Amino acid sequence: NAAKTSIDVEMYEFDAQSIITALTNAQSKGVKVRVLLDMKEPGNDVTKQKLTAGGVEVKAMSTAFTHAHTNLIFGQGEAGATPLPDVILTAGHVV
């Protein structure tokens, strides 16, 4: 909820409604939200539909990989001299 300019997400399995809601809310507030999903995973098709309905840009991970187990969320605050993410979620844990 703190991101001001952009949120970039890469998820292997993504069905957490609270995060879907937070991303679509951020998009509606003018934050640029982009999501990369492993579309071979069950349930990600529903997640993609929910996100795109909320205006979020969603792309499929490369099919060159058997599975992409990476889970990342980067939320960018206001641009500054050294723009760093405000929030990083990796392997399911916020750091």
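Now for a description of the structure that goes with this document. (Residues numbered from 1 in each chain as written. Predicted model: local features only at pLDDT ≥ 70, side-chain atom pairs only at ≥ 80, totals over all residues. Heavy atoms only, no water.)

Turning next to the overall build of the chain. The helix and strand tally for the chain stands at 2 helices and 6 strands. Helices and strands in the chain line up, N terminus first, as β-α-β-α-β-β-β-β. If you take every contact in the chain between residues at least 6 apart in sequence, the share linking residues at least 24 apart comes to 62%. Looking at the chain as shown, the accessible area adds up to about 5,800 Å², and 55% of this sits on carbon and sulfur atoms. (Helix = DSSP H or I, 4+ residues; strand = E, 2+ residues; numbered from the N terminus. Contact = heavy atoms within 4.5 Å. Areas by Shrake-Rupley, 256 points an atom, 1.4 Å probe, with all protein chains shown as cover.)

What follows is about the environment of P42. Among the structural elements, P42 can be located in the loop between strand 2 (32-37) and helix 2 (44-53). The exposure class assigned to P42 is exposed, which follows from its relative accessible area of 72%. (Buried < 20%, exposed > 50% of the residue type's maximum accessible area, 1.4 Å probe, protein only.)

Looking at soluble globular proteins, one finds that nonpolar side chains tend to be buried together. With 15 residues, the main nonpolar core has I7, V9, F14, L23, V33, V35 and L51 as its most contacted residues. Within the residue set of this core, elements represented by two or more residues are strand 1 (6-11), helix 1 (17-28) and strand 2. Leaving out residues up to four positions away in the same chain, V33 has contacts with I7, L23, A26, Q27, V56 and E57. (Core = buried A, V, L, I, M, F, W, Y, C linked by side-chain atoms within 4.5 Å.)

Counting through the fold element by element, A3 comes out in the segment before strand 1. As a C-alpha pair, A3 and V33 span 30 residues in sequence and 9.9 Å in three-dimensional space.

Enumeration over the complete set of coordinates arrives at 2 salt bridges. A salt bridge links R34 to D8; the shortest N-O distance between them is 2.7 Å. Here the residue R34 occupies a position in strand 2, and D8 occupies one in strand 1, the gap between them amounting to 26 residues. Among the ionic pairs, E57 bridges to K59, the shortest N-O distance being 3.6 Å. Given the relative accessible area of 33%, E57 is considered partly exposed. (Salt bridge = Lys/Arg side-chain N within 4 Å of Asp/Glu carboxyl O.)

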